[in-house]
Number of protein chains: 2
Amino acid sequence: MTDDSADESDAGRRAPLTGRELAKALGISQSTISRAFSEGATISPKMRAKVLEAARELGYQPNVIARSLTTRRSGIVGIVTANMTNPFYVSILQPLARRLQQMGLQTLLFSVPSGQQIDSQLPLLLQYNVDAIVVMTGTISAEMARRWADAGRLVLPFSYTIPELDLPSVSCDNEAGGRAVAQHLVQMGHKRPAFVGGHPHSATSVARGRGFAQGLEELGVPLFGRLDTGEYTYEGGYAAALELGRTRPDAIFFADDIMALGGMDALRFGLGLSVPQDISVVGFDNIPLAGWPTYELTTFAQPVEPMIEAAVRLLTRRDGEAVTAEHSALLPGTLVQRKSVRARGR
Amino acid sequence: MTDDSADESDAGRRAPLTGRELAKALGISQSTISRAFSEGATISPKMRAKVLEAARELGYQPNVIARSLTTRRSGIVGIVTANMTNPFYVSILQPLARRLQQMGLQTLLFSVPSGQQIDSQLPLLLQYNVDAIVVMTGTISAEMARRWADAGRLVLPFSYTIPELDLPSVSCDNEAGGRAVAQHLVQMGHKRPAFVGGHPHSATSVARGRGFAQGLEELGVPLFGRLDTGEYTYEGGYAAALELGRTRPDAIFFADDIMALGGMDALRFGLGLSVPQDISVVGFDNIPLAGWPTYELTTFAQPVEPMIEAAVRLLTRRDGEAVTAEHSALLPGTLVQRKSVRARGR
DNA sequence: TTGAAAGCGCTAACAC
DNA sequence: GTGTTAGCGCTTTCAA
């Protein structure tokens, strides 16, 4: 490569300052520099102040890559996600990344093709000495999960659970949510409530559906119909509503908002029905779109803030404390009533 | 730390295999292992096959952290973003991350508070030996940009430009887009077209507005009104439309879709106007929402796929080839006509 | 409390 | 082609 800077001082190309260089400049040893930057190291306050001062002045920052080579921790959290077309995940991702940053952790985004097992990709993340992974989607094999746990790494399913594995997880109380929706619909006089689920094997969808069905049963109202779209998308909700709507339920509970919005559009534009006059619609998540005036979707809100805080707490635990399924956070959500549900005459 | 595993074989906690261990197992030198995993290294095909075979069998993978310590490249691309509530950025982020993964690059997500200078955060990224950063938002000082360039790192503004700096960028031809919208609206007989911009100093907003104004001028139609929301949000668009709508333009061009959707809702629900009967609305980006039946928004589509490909091409350049502003990709978009624009009688 | 020295797992000259 | 050797910039014993 031809370098057109003549001078040897070479103001530009300068690599970042190393600890050794800073040490030399201060006439001390490199390990003292290291100690100045380590939390509980044995170093006099005076010396530390001096080092930090000089570091700030000369623009020295420890190289985290080199550090993680010895400590075997990188300060990086991997976030595994598939379906980012779903606004709910986005509304998680951004604040989660920001909170982690505040805690001095970085976020490695890992996107897997929807519905795919994430196992094959994980060794790659392990190579990066990723401290933990937050899994927002997909399944992970028991063996791979154990490999991570054994390496002292946390695998944290977020907003869903993998029932077979002894993993801590952070999620909303989906079953209670489904039940709350059932109670609300019955209370509003609905007689023919239907349910639209996502992927039929996803624990999330199952829990919401079960809570809903049980809630109805407890109140003596039969579940009028049920359909699984296979995936949480606008299009999936649209198609499901088109099919289910023809059977004339008086309310449909969708397992998430994005499907509910697709469903509302299908009912309105595909079937010519009016929401909520002809049929009530309820969603789950409470994404920003749900509050827009065109939709005014009644929905069960996931407690996003507390969920993120719970995740951050688990992710910033010090080593040595094993984190097991017992540390899971199952947080309560709240029903947000808007205008997509209407009282039915009795 | 107390270790409660009695046996010394210690089946669980086993650290990943190192290159040296693999070498010993094969009775060869560690550098041969390294060569087997390096693209253009001088190693016999036979030996390489043998090593890779053994590696697969024993589950060895090179430690990328250690590698990046010597090579000073990490295989990580930082993506700096602020406003992820905007679906457009999301629709970029996911495919971009996935394409980079395919190329063997990882994505470090970096979220900065909206509107903030990103300079302060960049040294942190540099610490991670991030090879390049894709900047989707915010501004960066000339000095910081130079520091990165000097360190052989690419700073790539995506979907926007920082005019003052000699940086390559990938973006849509915003000015041409604005002009195309102007032509379309005039052609459809509009006489009082208005413009709603985002941040008044953002190059993107300025270019779209300028193209629009020039397009109108060329066709002899005066710009009826103009407003800047200060940020690209639904709420911003809503408020702007409320204000601008009262002056009775016959069309509003919003500098992006999310503002346009907010605008449509404001016109409909806030002002009781009907779109497109009373007023036409045009957006920019073509996010998925724009195609939903409630909105059917006519919009200028950014060429997302080509933009991502262009970005990936720049990001995967081999070192040594300096990448300057001349390598910028300014890609043409297309007007997507839906139902939010209606012909006006002459 | 500080310094010296070893090593984390790899790449890259340099020999052979 | 392959082995040897010297680092990359840190953390962490071990002495002093």
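Residue positions are given per chain, counting from 1 as you read along its sequence in written order. A letter from A marks each chain and a number from 1 marks each ligand, given out in the order of writing. The predicted nature of this model means local features are confined to residues of pLDDT at least 70 and side-chain atom pairs, given and counted, to a pLDDT of 80 or more, with totals for whole chains, interfaces and linings taken over all residues. In computing side-chain properties, one takes all heavy atoms of the structure into account and sets aside hydrogens as well as water.

1. Here we look at the packing of helix H5 (residues 87–102) of chain A against helix H12 (residues 304–315) of chain A
All names here are of chain A. Formally: Axis lines are fitted to C-alpha atoms, over the contacting stretch for helices. Their N-to-C directions set the angle, which ranges from 0 to 180 degrees. Think of it this way: any DSSP run of H or I at least four residues long counts as a helix, any run of E at least two long counts as a strand, and we number them from the N terminus. Reported orientations rely on four angle classes, namely roughly parallel under 35 degrees, roughly antiparallel over 145, roughly perpendicular from 65 to 115, and oblique for the rest. Crossing handedness follows the turn of the near helix against the far one: under a right angle anticlockwise gives a left-handed crossing, and clockwise gives a right-handed one. Here, residues are in contact when the closest pair of their heavy atoms is within 4.5 Å. When residue character is reported, Ala, Val, Leu, Ile, Met, Phe, Trp, Tyr, Cys and Pro are called nonpolar, Asp, Glu, Lys and Arg charged, and the others, Gly included, polar.
One way to put it is that H5 packs onto H12 with a least axis distance of 10 Å and a crossing angle of 45°. When the axes of H5 and H12 are compared, the pair comes out oblique. Taken as a pair, H5 and H12 cross one another with a handedness that is right-handed. Note on element contacts: H12 touches H5 through Val-304, Ile-308, Glu-309, Val-312 and Leu-315, opposite Phe-88, Ser-91, Ile-92, Pro-95, Leu-96, Arg-99 and Leu-100. Here the contact of H5 with H12 is built from residues that sort into nine nonpolar, one polar and two charged.

2. With respect to the side chain of Asp265(A)
In this structure, Asp265(A) sits in helix H11 (residues 257–270). In this structure, Asp265(A) is in contact with Tyr234(A), Tyr238(A), Gly270(A), Tyr295(A), Trp292(B), Pro293(B) and Thr294(B), ignoring residues within four places of it in sequence.

3. Regarding the domain arrangement of chain A
Residue and element names in this part refer to chain A. Heads up, the rule is: The split of the chain into domains comes from an automatic or database domain assignment. Accessible surface is computed with a 1.4 Å probe, and the buried area is the amount of it that two parts give up when combined, taken over both parts together. We count a salt bridge whenever a side-chain nitrogen from Lys or Arg sits within 4 Å of a carboxyl oxygen from Asp or Glu. In protein, a polar contact requires one atom able to donate a hydrogen and another able to accept it; more generally it is a pair of N or O atoms within 3.5 Å, and residues adjacent in sequence count only if both atoms are side-chain atoms.
Entries for chain A in the domain assignment read domain 1 (5–62), domain 2 (71–172 + 305–331) and domain 3 (174–302). Computed over C-alpha atoms only, the centres of domain 2 and domain 3 are separated by 29 Å. Contacts between the two partners involve 10 residues from domain 2, matched on the other side by 12 residues from domain 3. Across the interface of domain 2 and domain 3, roughly 950 Å² is buried in total on both sides, 57% from carbon and sulfur atoms. On the domain 2 side of the interface with domain 3, the three residues burying the most area are Pro-87, Phe-88 and Cys-172, jointly 50% of the side's total. Here domain 2 is connected to domain 3 by zero salt bridges. For the interface between domain 2 and domain 3, the tally reads two residue pairs in polar contact (both at pLDDT 80 or more). A per-class count over the side of domain 2 that touches domain 3 returns six nonpolar, four polar and no charged.

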